[in-house]
Amino acid sequence: MAKVKVTQIGSPIRRTPVQEKNLIGLGLNKMHRSREHVDTPEIRGMIKKVAHLLKVEAVA
């Protein structure tokens, strides 16, 4: 299975509650933290909602 590495590069301050919950759902709660997730449609949807706050990389 393919994996993606997501790193939070933007602050959740003054963001909508939905965007904050998506960051928490991705396992991110502080700046410059990274998590690896299996590349599923559900994860891609969460990433798309907060793409302006994240850096996304493919993991081999």
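One can find the structure itself at the top, above this paragraph.
Parameters and conventions
Here the residue index of a chain counts from 1 through its sequence in written order. Owing to the predicted nature of the model, reporting of local features is limited to residues with pLDDT of at least 70; listing and counting of side-chain atom pairs is limited to 80 or more, with chain, interface and lining totals taken over all residues. Only hydrogens and water are set aside when side-chain values are computed; all heavy atoms of the structure are taken into account. Here a salt bridge means any side-chain nitrogen of Lys or Arg lying within 4 Å of a carboxyl oxygen belonging to Asp or Glu. The cut-offs for exposure are 20% and 50% of the maximum accessible area for each residue type, with area from a 1.4 Å probe on protein chains only; residues under the lower value are buried, those over the upper are exposed, and the others partly exposed. Side-chain atoms within 4.5 Å link the members of a nonpolar core, which is a set of buried Ala, Val, Leu, Ile, Met, Phe, Trp, Tyr and Cys residues. Helix and strand assignments follow DSSP, with helices taken as H or I runs no shorter than four residues and strands as E runs no shorter than two, numbered in order from the N terminus. Contact criterion: two residues are considered in contact whenever any of their non-hydrogen atoms come within 4.5 Å of each other. What the arc describes is the spread of directions from the helix axis to the C-beta atoms.

Undergrad: Quick question: what am I supposed to make of the pattern of salt bridges here?
TA: Pairs can form between side chains of opposite charge once their charged atoms are near each other. Applying the stated criterion to the full structure yields two salt bridges. Residue R44 pairs with D39 through a salt bridge whose shortest N-O separation is 2.8 Å. Residue R44 is classed as partly exposed on the basis of its relative accessible area, which comes to 39%. The exposure class assigned to D39 is partly exposed, which follows from its relative accessible area of 30%. Between K55 and E57 there is a salt bridge, and its shortest N-O distance comes to 3.7 Å. Note on K55: relative accessible area 41%, which makes it partly exposed.

Undergrad: Would you explain the nonpolar core in this entry?
TA: Across soluble globular proteins, nonpolar side chains have a tendency to be buried as a group. Residues V4, V6, L23, L26, L28, I43, I47, V50, L53 and L54 constitute the largest nonpolar core, which totals ten residues. Listing elements by their share of this core, those giving two or more residues are β1 (3–8) and α2 (41–49). Leaving out residues up to four positions away in the same chain, L23 has contacts with Q8, P12, L28, V50, L53 and L54.

Undergrad: Quick question: what am I supposed to make of helix α1 (residues 17–25) here?
TA: For an α-helix, the turn length of 3.6 residues means that residues three or four places apart are oriented alike. Here α1 has its buried residues at Q19, N22 and L23. Within α1, the buried residues cover an arc of 100 degrees as seen down the axis, which keeps them to one side. Set apart from the buried face of α1 by more than 90 degrees, the exposed residues are P17, V18, K21 and I24. Of the surrounding secondary structure, the elements contacted by the buried residues of α1 are β1, α2 and β3 (54–59). Positive phi appears at G27, one or two residues downstream of α1, with a value of about 85 degrees.

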